[in-house]
2 protein chains.
Amino acid sequence: MAGAAPNIRDVAQRAGVSTATVSRTLAHPDKVREDTRQKVMEAVEALGFVPNDRARVLRRQSSQTVILLVRDISNPFYLDVYKGVEEAAFDAGYKVLMGDARDDDERISHYIEAVRERHADGLILMIGRLPDRFGEDPARLPPIVVASEAIRTIDVPTVKVDNVAAARAAVEHLIALGHRQICHIAGPLDEYLGEARLEGYRAALAAAGIGDDPGLVLAGDFSLGAGHDLVADLIARGGTFSAIFAASDQMAIGAITALRQRGLRVPEDISVVGFDDTLIASMVDPALTTIHQPRRDIGFAAMTMMIERLSGVVTPTDRVFPTELIVRNSTRPLGRTHPRQERGHR
Amino acid sequence: MAGAAPNIRDVAQRAGVSTATVSRTLAHPDKVREDTRQKVMEAVEALGFVPNDRARVLRRQSSQTVILLVRDISNPFYLDVYKGVEEAAFDAGYKVLMGDARDDDERISHYIEAVRERHADGLILMIGRLPDRFGEDPARLPPIVVASEAIRTIDVPTVKVDNVAAARAAVEHLIALGHRQICHIAGPLDEYLGEARLEGYRAALAAAGIGDDPGLVLAGDFSLGAGHDLVADLIARGGTFSAIFAASDQMAIGAITALRQRGLRVPEDISVVGFDDTLIASMVDPALTTIHQPRRDIGFAAMTMMIERLSGVVTPTDRVFPTELIVRNSTRPLGRTHPRQERGHR
DNA sequence: CTGAAAGCGCTAACAG
DNA sequence: CTGTTAGCGCTTTCAG
């Protein structure tokens, strides 16, 4: 069993130099003479020295770490955003930790507290609201950037897409196919994201002169289970519709499962449009018509903004990314039962 | 704009006590007189003091944090294990961070290094191998516990299920239904998990006197995409089989998608068995026959072992949890096309 | 019950 | 190019 872990003093002693020189050798190798560096590196090697990050972080007053707090870690959408965040972080020597909010105030508070306690330098939020007490005193909030969502109670830099326009494009696609009874599986309606996509849905209906049927708007939480349960309920209640626009691919896929379980075929009986264009959208059968969001770019931009914010030299400004309607096989003209040619599978 | 964050000295000054008393008040409120506590809490409140965790961690030589490193964060299996880990951690005042290995040596090394640098106190691994260089000198590894998997190159406490027996039970179920041409979508065959389940598959075939066809064993990585692509390939190559045993639910679901895209129905044409019994298994259509693993218990046990290991008083010993075959609607007697009564949906 | 004082291990001026 | 030195902010003996 080896003894206690060696510290920088042990290395300095063994190499016959000062601790400052050891520190310098490790952090700025070009600032020490070649033979000194060699002596130090030998001692480091021999002792198996690993610098203690705890001490470094305390001294530097920065952990070079950012927490990415997502709404629901089981939604693959966030994983792709995470990759973009990580990429930007790596380029700048930052680390990224991911947290799962699970739509739970306690968990959200926990992560905010962690940053206030300097566990990390900043927080990238992918959630739609903050526990009330954090709205009170903005000065007590740590550095925050919001990605993909928007939080109305605080004023922080945000990167997202034009959700209203995107939702509208999705519903216009269905209308162009002849659908008029269109169900919307929405996000939480007291949050920006749910509201914006609902607004786009309504705008498309209104422009086509279709009166909107409140019974066809169902609020979910973007999860697979919500999509499934809401549609199962709607069918049980006897709701009639020929198409569904879901505010996430996950809900769209859950909806398709529920439809199948009731003997309804997609797209022959019901057309379905999702949102996000996650990888799974092109892998399910039928491949999902959906709205593409540049997930990686959103993550990259959010982390870049965070770094700007932390460096203090720049006040980042909001960014809006474009979206694109991707038509695959889950939508079909009303009443038509012959398939279009397949495309879009991986 | 508030000034710099207040530290414990500011609080002490304002409350008219020493920093030791402030520290005590926050950590052991019962060890200070009532009125002193009140004065201190007032100052804390007024200043908005948040103790700096960086300093605390350095002083205590423990961050009360553990990293859970998983094979692939997009597999929901790990999320449920994570919940168990988190539960045990919370009870003991620990924090949990999740890392994604993505089957990449560099990423794995990165997380091991993070722990060696004392970013966290220990590492719970849910991966099947370590980069070679870590096998060399076990003394240089941080405290490790392995969950659900097993790593042959290092000797560390492990919690898992009897994978051989579980896989055997799955395949015996298919054999009992009359299937004899059974494809196995395995895990990586140079790792314990892939190997153990393959062994169970072979044992079941051998016991039934079925010669095994190497062309029907396909090695994947437990992911949705692997299940899809391997089965698509197999069909393209003209492989014949009436059933599939996949080493994960994700691969089973990917396989079902591939089958459907080629016009094959599940379970009418092909029976499919998964492994894990993740939530999605009961939500897909058809609901998946699969092996249930007590995911939460595995996570809870792994974290409990880690805490024992870190406390130093106990050397934890390996644990093995039981599994259970859950029969749902994705398997059917060979040649039969009428459905059994549905069950197992959420 | 409370205060003084000694660090945890490292980095970054500042001198030399 | 290298060493000396002064902390980062907190916790915890040890006295009182």
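Because the structure is predicted, anything quoted here is derived from the model rather than measured.

Criteria and cut-off values
Residues numbered from 1 in each chain as written. Chains lettered and ligands numbered in written order. Predicted model: local features only at pLDDT ≥ 70, side-chain atom pairs only at ≥ 80, totals over all residues. Heavy atoms only, no water. Least-squares fit on C-alpha atoms with pLDDT ≥ 70 in both. Contact = heavy atoms within 4.5 Å. Helix = DSSP H or I, 4+ residues; strand = E, 2+ residues; numbered from the N terminus. Buried < 20%, exposed > 50% of the residue type's maximum accessible area, 1.4 Å probe, protein only. Domains from an automatic or database assignment. Buried area = accessible area lost by both parts, 1.4 Å probe. Salt bridge = Lys/Arg side-chain N within 4 Å of Asp/Glu carboxyl O. Pairing = 2+ DSSP bridges. Axes fitted to C-alpha atoms, helices over the stretch in contact; angles between N-to-C directions. Near = heavy atom within 4 Å. Polar contact = N/O pair within 3.5 Å; in protein donor to acceptor, adjacent residues only side chain to side chain.

A. Structural context of the relation of the copies chain B and chain A. When chain B is fitted onto chain A, the two copies agree to an RMSD of 0.1 Å after a turn of 180° and an axial shift of 0.0 Å. On this basis, the relationship between the two copies can be described by a two-fold rotation axis. Take the interface residues of chain B: 100% of them recur as interface residues in chain A, which is what a same-surface contact looks like.

B. Looking closely at the environment of leucine 47 of chain A. All names here are of chain A. By the secondary structure assignment, leucine 47 is in helix 3 (residues 34-47). Exposure remark for leucine 47: the relative accessible area of 26% places this residue in the partly exposed category. On a C-alpha basis, the gap between leucine 47 and arginine 14 in space is 9.0 Å, while along the polypeptide they are 33 residues apart. Residues within four places of leucine 47 in sequence aside, it is in contact with Pro6, Asp10, Val11 and Arg14.

C. Expanded view of the domain arrangement of chain A. All names here are of chain A. What the domain assignment reports for chain A is domain 1 (8-50), domain 2 (58-160 + 294-320) and domain 3 (163-293). On a C-alpha basis, the centroid separation for the pair domain 2 and domain 3 is 29 Å. The partner domain 3 presents 17 residues to the 16 residues of domain 2 that form the contact. Counting each side, the surface lost to burial between domain 2 and domain 3 is near 1,500 Å², with a carbon and sulfur contribution of 48%. Considering only the surface of domain 2 that becomes buried against domain 3, Arg71, Arg152 and Arg295 emerge as the three largest contributors, covering 34% of it. Between arginine 152 and glutamate 195 there is a salt bridge, with the nearest N and O atoms lying 2.6 Å from each other.

D. Region of interest: the sheet that holds strand 8 (residues 243-246) of chain B. Residues and elements named next belong to chain B. The parallel open sheet is built from 4 strands, whose spatial order is 7-6-8-9. On the outer flanks of this sheet lie strand 7 (217-219) and strand 9 (271-273), each paired with one strand and no other. Within this sheet the neighbouring strands show an average axis-to-axis angle of 15°, counted without direction. Two elements, strand 6 (residues 182-186) and strand 7, share 3 bridges in a ladder whose sense is parallel. Looking at strand 7, one finds that histidine 184 is bridged to valine 217.

E. Local environment of the protein's contact with DNA strand D. The immediate surroundings of DNA strand D are formed by 23 residues, with Thr21, Arg24 and Thr36 of chain A together with Ile8 and Arg59 of chain B found nearest. Arginine 33 of chain A places a polar main-chain atom, nitrogen or oxygen, 2.9 Å from a phosphate oxygen of DNA strand D. One of the backbone nitrogen or oxygen atoms of isoleucine 8 of chain B is found 2.4 Å away from a phosphate oxygen of DNA strand D. Going through the elements one at a time, helix 2 (19-27) and helix 4 (53-60) of chain A together with helix 2 (19-27) and helix 4 (53-60) of chain B are the ones with two or more residues in the surface near DNA strand D. Counting residues per element, the surface near DNA strand D draws most heavily on helix 4 of chain B, which supplies 4 residues.

F. Up close: the pairing of strand 4 (residues 144-147) of chain B. Residues and elements named next belong to chain B. Judged by which residues are buried, strand 4 turns out to be covered on both faces: Ile144 and Val146 on one side and Val145 and Ala147 on the other are all buried. In this sheet, strand 4 lies alongside strand 3 (residues 122-126) in parallel orientation, the contact comprising 3 bridges. Bridging from a neighbouring strand, leucine 123 pairs with isoleucine 144 of strand 4. Across 2 bridges, the pairing between strand 4 and strand 5 (residues 158-161) is parallel. Residue pairing for strand 5: valine 146 is matched across the bridge by threonine 158.

G. Up close: the sheet that holds strand 8 (residues 243-246) of chain A. All names here are of chain A. Here we have 4 strands laid out as an open sheet, ordered 7-6-8-9, and parallel in their pairing. For this open sheet the edge positions go to strand 7 (217-219) and strand 9 (271-273), each flanked by a neighbour on one side alone. For this sheet the average axis-to-axis angle between neighbouring strands, irrespective of direction, equals 15°. Pairing analysis gives 4 bridges linking strand 6 (residues 182-186) to strand 8, with the strands arranged parallel. Considered in strand 8, the bridge of isoleucine 185 is made with alanine 246. Lying on the sheet, helix 9 (residues 192-207) is in contact with strand 6, strand 7 and strand 8; it crosses strand 6 at an angle near 165°. Contacts from helix 10 (residues 224-236) reach strand 6, strand 7 and strand 8, with the element oriented near 145° to strand 6.

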